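What follows is the residue order along each chain.
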Amino acid sequence: MLKQRPHKLDHIGIAVRSIEQNLPFYTDVLGLELLGMETVEAQYVKVAFLAIGESKIELLEPIGREGAIFTFLEKKGEGIHHVALGVTSVEERLKEIRNEGIRTLQEHASPGAGGALVAFLHPGDSGRVLVELCDKSNKED
């Protein structure tokens, strides 16, 4: 049994071929507020953050032919890529999760968008859903 639980749904990541083409749907049609955009070189993506209540929608556009988002788009097309859960002490969480027999996609957390440390659980152990653990405890949210 895990000692700590996720404290919120941080965001839903949606893979898109072009943020510029998809953004008007979220801002103009749905009326969501664009919080900002950034490039995360380590993940090979450009990211747009949109506010929805206490959570966010994260549009993910590949910035090259490398990385998970490019591969996802090639195999599955645009759509929901992952669900991110807000956690604290992501490295401790990874150890606990692996002790429960759940596979992770990396040994340690890596830098993600918005200054977070992120790590992914293997979708084969989570009902075919890619789950991201998102630790923003080192910054104000």
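See above for the structure.
Remember, it's a predicted structure, so these values are computed and weren't measured experimentally. (Residues numbered from 1 in each chain as written. Predicted model: local features only at pLDDT ≥ 70, side-chain atom pairs only at ≥ 80, totals over all residues. Heavy atoms only, no water.)

### Describing the packing of aromatic side chains
Here is step 1 of the chain: One pass over the structure, following the stated rule, counts one aromatic pair.
Here is step 2 of the chain: Between Phe 25 and Tyr 26, the ring centres sit 5.1 Å apart and the planes meet at 85 degrees, which makes this aromatic pair edge-to-face. (Phe/Tyr/Trp six-rings, centres within 6.5 Å; stacked < 30°, edge-to-face > 60°.)

### Comments concerning the environment of Val 131
Here is step 1 of the chain: Following the sequence through the fold, Val 131 ends up in strand 8 (residues 131-135).
Here is step 2 of the chain: The exposure class of Val 131 is buried, given its relative accessible area of 13%.
Here is step 3 of the chain: Measuring from C-alpha to C-alpha, the distance between Val 131 and Met 37 comes to 22 Å, with 94 residues separating the pair along the chain.
Here is step 4 of the chain: Not counting the four nearest positions on each side in its chain, Val 131 is found in contact with Val 83, Leu 85, Ala 119, Phe 120, Leu 121 and Ser 126. (Helix = DSSP H or I, 4+ residues; strand = E, 2+ residues; numbered from the N terminus. Buried < 20%, exposed > 50% of the residue type's maximum accessible area, 1.4 Å probe, protein only. Contact = heavy atoms within 4.5 Å.)

### Quick look at the pattern of salt bridges
Here is step 1 of the chain: In total, this model carries four salt bridges according to the counting rule given.
Here is step 2 of the chain: The partner of Asp 10 in a salt bridge is Lys 136, and the shortest N-O contact between them spans 3.2 Å. Separated by 126 residues along the polypeptide, Asp 10 in strand 1 (residues 8-15) and Lys 136 in the segment after strand 8 bring together distant segments of the chain.
Here is step 3 of the chain: One salt bridge in this structure joins Arg 103 and Asp 125, with 3.0 Å as the shortest N-O distance. Here Asp 125 lies in the loop between strand 7 (117-121) and strand 8 and Arg 103 lies in the loop between helix 3 (90-99) and strand 6 (110-111), a separation of 22 residues in the sequence.
Here is step 4 of the chain: We classify Arg 103 as partly exposed; its relative accessible area is 43%.
Here is step 5 of the chain: One salt-bridge network, in which partners are shared between bridges, spans Lys 8, Asp 10 and Lys 136. (Salt bridge = Lys/Arg side-chain N within 4 Å of Asp/Glu carboxyl O.)

### Quick word on helix 1 (residues 19-29)
Here is step 1 of the chain: All of the buried residues along helix 1 are Ile 19, Asn 22, Leu 23 and Tyr 26. Projected onto a plane normal to the axis of helix 1, the buried residues spread over an arc of 115 degrees and lie on a single side. Along helix 1, exposed side chains directed more than 90 degrees from the buried face belong to Glu 20, Gln 21, Asp 28 and Val 29.
Here is step 2 of the chain: As for helix 1, its buried residues are in contact with strand 1, strand 2 (33-40), strand 3 (45-52) and strand 4 (55-62).
Here is step 3 of the chain: Its side-chain oxygen 3.4 Å from the backbone nitrogen of Glu 20, Ser 18 forms the N-cap of helix 1.
Here is step 4 of the chain: At the C-terminal side of helix 1, Gly 31 shows a positive phi close to 75 degrees. (Arc of directions from axis to C-beta. Polar contact = N/O pair within 3.5 Å; in protein donor to acceptor, adjacent residues only side chain to side chain.)

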